[in-house]
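Listed below are the residues making up each chain.
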Amino acid sequence: MDSLRLTLNPERIEFVEYPENMELKPKTTKIKYGIDSLKIKTDFQVVKWENNEYLFSGYFDFGWSLDKENDYIRFADYLNSGLEPKTSGMYLVHKTKDSITSEFDLKQIPQKWQSYFLKEPVSAKIKNIKKVIDPNDKENISWQIELDKGENDRINNRLTLETKDGEFFIEVDSVLTNRSFGMTYMYDFTPKKFPIGTELRTKWK
């Protein structure tokens with residue numbers, strides 16, 4: 001297995017925090033660099049797919065979501081949905097080719113991260129649809145979608161499933177043994193347009 005060690009040792013570090021209120025100015029902080037000051041990644045593994053080379057670190061961070069994750073877990077999420085290696089991903093990559101012409105070699109991934117990768121696409125059908133109205137704003141309507149597959153069918157709360165035409169998708173946010181749930185906030189969603197029995201998959205090709 002190829003590996004790469006990248007050593008970073010700057011004297012000072014500057015980072016910028018952008019406030020949620022866009023009218024406020026960003027806050028810039030300068031600090032003396034220490035080995036744990038910003039927990040900079042230094043150990044990477046080279047993972048290859050086609051002519052692409054990715055640098056993955058097993059270091060856990062919260063940089064891109066509220067969940068504890070790392071490069072391997074993020075890459076699995078994109079790969080499970082068939083999005084890589086085109087334009088998705090939050091990791092270092094050297095790209096010379098965009099098209100996928102062969103299956104990804106899962107043996108490159110350390111064993112402890114392989115469970116996050118789906119060997120085959122997951123398919124589920126809409127089992128129930130519940131309309132949810134915000135009690136403080138009657139015009140704020142969302143829909144809770146129940147799927148007929150759960151943990152026993154490899155569904156987890158990191159998956160995104162969509163219809164074959166790509167017009168409708170949900171991100172799974174709750175998983176039980178034989179069923180799972182997700183929310184949609186599509187303004188034009190109706191049970192008539194996407195009725196019970198509609199099939200969704202993590203990847204159609």
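All values derive from a computational prediction rather than experimental measurement.

What follows deals with the side chain of Glu146. Structurally, the position occupied by Glu146 is in strand β8 (residues 137-147). Accessibility expressed as a relative area gives 10% for Glu146, which makes it buried. Here the side chain of Glu146 touches Arg179 through a polar contact of 3.4 Å, side chain to side chain. Apart from the residues lying within four places of it in its own chain, the contact partners of Glu146 are Lys125, Ile126, Lys127, Asn128, Arg179, Ser180 and Phe181.

In the predicted model, the protein chain carries a mean pLDDT of 81, and the fraction of residues at 70 or more is 78%. Averaged pLDDT values for the elements of the protein chain fall to 43 in strand β1 (residues 3-5) and rise to 97 in strand β12 (residues 199-201). Throughout residues 1-7 the model reports pLDDT below 50, and contacts reaching past four residues in sequence, or to other chains, amount to 19 contacts.

We now examine the nonpolar core. Ranked by size, the top nonpolar core spans 17 residues in total, and within it Ile145, Leu147, Leu161 and Phe168 carry the most contacts. Where this core is concerned, the elements lending two or more residues are β7 (123-134), β8 and β10 (169-175). With 14 residues, the next largest nonpolar core counts Phe56, Phe104, Leu106 and Phe117 among its residues.

On to the packing of aromatic side chains, then. The final tally for this structure, using the stated rule, is 13 aromatic pairs. Seen in terms of ring centroids, Tyr72 and Trp113 are 5.8 Å apart; in terms of plane orientation they differ by 15°. Their pairing is stacked. Highlighted residues: Tyr72 in helix α1 (residues 71-80) and Trp113 in the loop between β6 (92-94) and β7, separated in sequence by 41 residues. For Tyr72, a relative accessible area of 4% puts it in the buried group. Seen in terms of ring centroids, Trp113 and Tyr116 are 6.5 Å apart; in terms of plane orientation they differ by 40°. Their pairing is tilted. Overall, Trp113 belongs to the buried group, its relative accessible area being 8%.

On to unusual backbone geometry. Peptide bonds are, in most cases, trans, and in most cases residues other than glycine have a negative phi. Although it is not a glycine, Arg154 sits at a positive phi angle of roughly 70°. Position of Arg154 relative to the elements: it lies in the loop between β8 and β9 (160-162). Classification of Arg154 by relative accessible area gives partly exposed; the value is 40%.

Definitions and limits used
- Residues numbered from 1 in each chain as written.
- Predicted model: local features only at pLDDT ≥ 70, side-chain atom pairs only at ≥ 80, totals over all residues.
- Heavy atoms only, no water.
- Helix = DSSP H or I, 4+ residues; strand = E, 2+ residues; numbered from the N terminus.
- Buried < 20%, exposed > 50% of the residue type's maximum accessible area, 1.4 Å probe, protein only.
- Polar contact = N/O pair within 3.5 Å; in protein donor to acceptor, adjacent residues only side chain to side chain.
- Contact = heavy atoms within 4.5 Å.
- pLDDT = per-residue confidence, 0-100.
- Core = buried A, V, L, I, M, F, W, Y, C linked by side-chain atoms within 4.5 Å.
- Phe/Tyr/Trp six-rings, centres within 6.5 Å; stacked < 30°, edge-to-face > 60°.

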